[in-house]
Amino acid sequence: MTVMDPRLRQVALATKGFMPEAEGDALFVAACAACSELPGLPIVEVGTYCGRSTVWLGAAAKLSKTFLFTVDHHLGSEENQKGWEWFDESLVDARTQKLNTLPTFLKTLKQAHIGDVVVPIIAESRLASQQWSSELAFCFVDGGHGDEPARLDYQGWAPKVAVGGCLAIHDIFSDPKDGGQAPYKFIYQPAIDSGKFDEISATGSLRILRRTKR
Ligand code: SAH
Ligand code: MG
């Protein structure tokens, strides 16, 4: 099995964010496998935040000699805003008084030395997916967790995954007691129901699906 550069792994673990260690490792392994199956095709990540999962995926891109495009408007999701569960005061821009994760993400990129393989896309996910035309070896969806953003991410990004490539989805909770249902209902279920994806692994709330047909 491919082994991640321990220095990069340390940077990932020291970065703010929402990717548990075991799930980050699973993401890295799955991305390496998909990229070796589909040489030359890139990786897309939706939901950069401060770049925590980006480091695992960037390490996979580097080893696989491909690129990672990571999409975020950097204004945070609903649950990252003031008064919500996942608000972090230290990420508020002093001038605008709004959340801005871009400066922290740029520091992460620099610390990890993965700027040569990671391309930040600072945009609304829908806009980025509408402009995206190539096939993907691996697509990790961890963006907005409301019903509408989840639905749009499925519509926008799932069709870009190449046959043999993977759609990875974070925060999948089949039981509402464990967490929000939108990624489960509007990304995971529709992908399985389409008959075009097989589940190949589950680690914590991370699900990796492999496209079997167009
Ligand atoms: N993957 C990250 C966590 C992502 S949190 C980690 O490992 O820590 C979700 C991110 O999705 C937030 O940074 C938020 O700004 C972004 N986001 C939410 N909705 C979005 C949308 N519609 N377009 C672009 N980014 C979005
Ligand atoms: Mg997540």
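Scroll up for the structure.
A few points on the structure. Nothing here was measured: the structure is a model prediction, and the numbers come from that model. Starting afresh in each chain, residues are numbered from 1 along the sequence in its written order. Lettering for chains starts from A, numbering for ligands starts from 1, and both go in the order in which the items are written. Note on the predicted model: pLDDT of at least 70 is required for a residue's local features to be given, and 80 or more for side-chain atom pairs to be given and counted; whole-chain, interface and lining totals, by contrast, use all residues. The basis for every side-chain value is the complete set of heavy atoms in the structure, and neither hydrogens nor water enter the calculation.

Some remarks on empty space enclosed by the protein
Then comes step 1: With a 1 Å grid laid over protein atoms only, a set of points is called a cavity when a 1.4 Å probe fits there but cannot get out and a pocket when it is open yet has protein on both sides within 12 Å along at least five of seven lines; lining residues have an atom within 4 Å of a point. Grid points are joined across faces, edges and corners, and a volume is the space filled by probe spheres set on the points. For the structure on display, the rule yields one cavity of 30 Å³ or more.
Then comes step 2: Taken as a whole, the largest cavity holds about 30 Å³ of empty space.
Then comes step 3: Every residue along the wall of the largest cavity is listed here: V141, D142, G143, G144, H145, I169, H170, P183 and I187.
Then comes step 4: In this classification, the charged set is Asp, Glu, Lys and Arg, the nonpolar set is Ala, Val, Leu, Ile, Met, Phe, Trp, Tyr, Cys and Pro, and all remaining amino acids, among them Gly, are polar. Residue classes in the lining of the largest cavity are distributed as four nonpolar, four polar and one charged.

Looking at the site of ligand 1
Then comes step 1: If a single non-hydrogen atom of a residue is within 4 Å of a molecule or strand, that residue counts as near it. Around ligand 1 sit 19 residues in total, of which F18, S53, D72, E124 and D142 are the nearest.
Then comes step 2: D72 places a side-chain nitrogen or oxygen 2.6 Å from an oxygen atom of ligand 1.
Then comes step 3: For this analysis, a polar contact is any N or O atom pair within 3.5 Å, provided that within protein one partner can donate a hydrogen and the other can accept it, and provided that sequence-adjacent residues contribute only side-chain to side-chain pairs. Between a nitrogen atom of ligand 1 and a main-chain N or O atom of S125, the distance comes to 2.8 Å.
Then comes step 4: For every accessible area listed, the method is Shrake-Rupley and the probe measures 1.4 Å; residues are considered covered only by the protein chains on display. Isolated, ligand 1 exposes 580 Å² of accessible area, and the fraction of that covered by the protein chains is 94%.
Then comes step 5: Placement in a cavity or pocket follows one criterion, namely that more than half of the molecule's atoms lie within 2 Å of its grid points. If you map ligand 1 onto the pockets, it falls in the largest pocket.
Then comes step 6: Partitioned by chemical class, the residues of the shell around ligand 1 number five nonpolar, ten polar and four charged.

Points about the sheet that holds strand β5 (residues 161-169)
Then comes step 1: Strands qualify as paired when DSSP identifies two bridges or more between them. Under the DSSP-based scheme used, a helix requires at least four consecutive residues in state H or I and a strand at least two consecutive residues in state E, with every element numbered from the N terminus. The mixed open sheet is built from seven strands, whose spatial order is β3-β2-β1-β4-β5-β7-β6. Across the chains shown, the open sheet's two edge strands, defined by having one partner strand only, are β3 (118-121) and β6 (197-203). Pairwise comparison of adjacent strand axes, ignoring direction, gives a mean angle of 15° for this sheet.
Then comes step 2: Two residues qualify as a contact provided that any one of their heavy atoms is within 4.5 Å of a heavy atom in the partner residue. Every angle, taken between N-to-C directions, lies between 0 and 180 degrees, and every axis is a line fitted to C-alpha atoms, over only the stretch in contact when it is a helix. The sheet contacts of helix α2 (residues 21-37) involve β1 (43-46), β4 (136-141), β5, β6 and β7 (206-211), and relative to β4 the element is tilted by about 160°.

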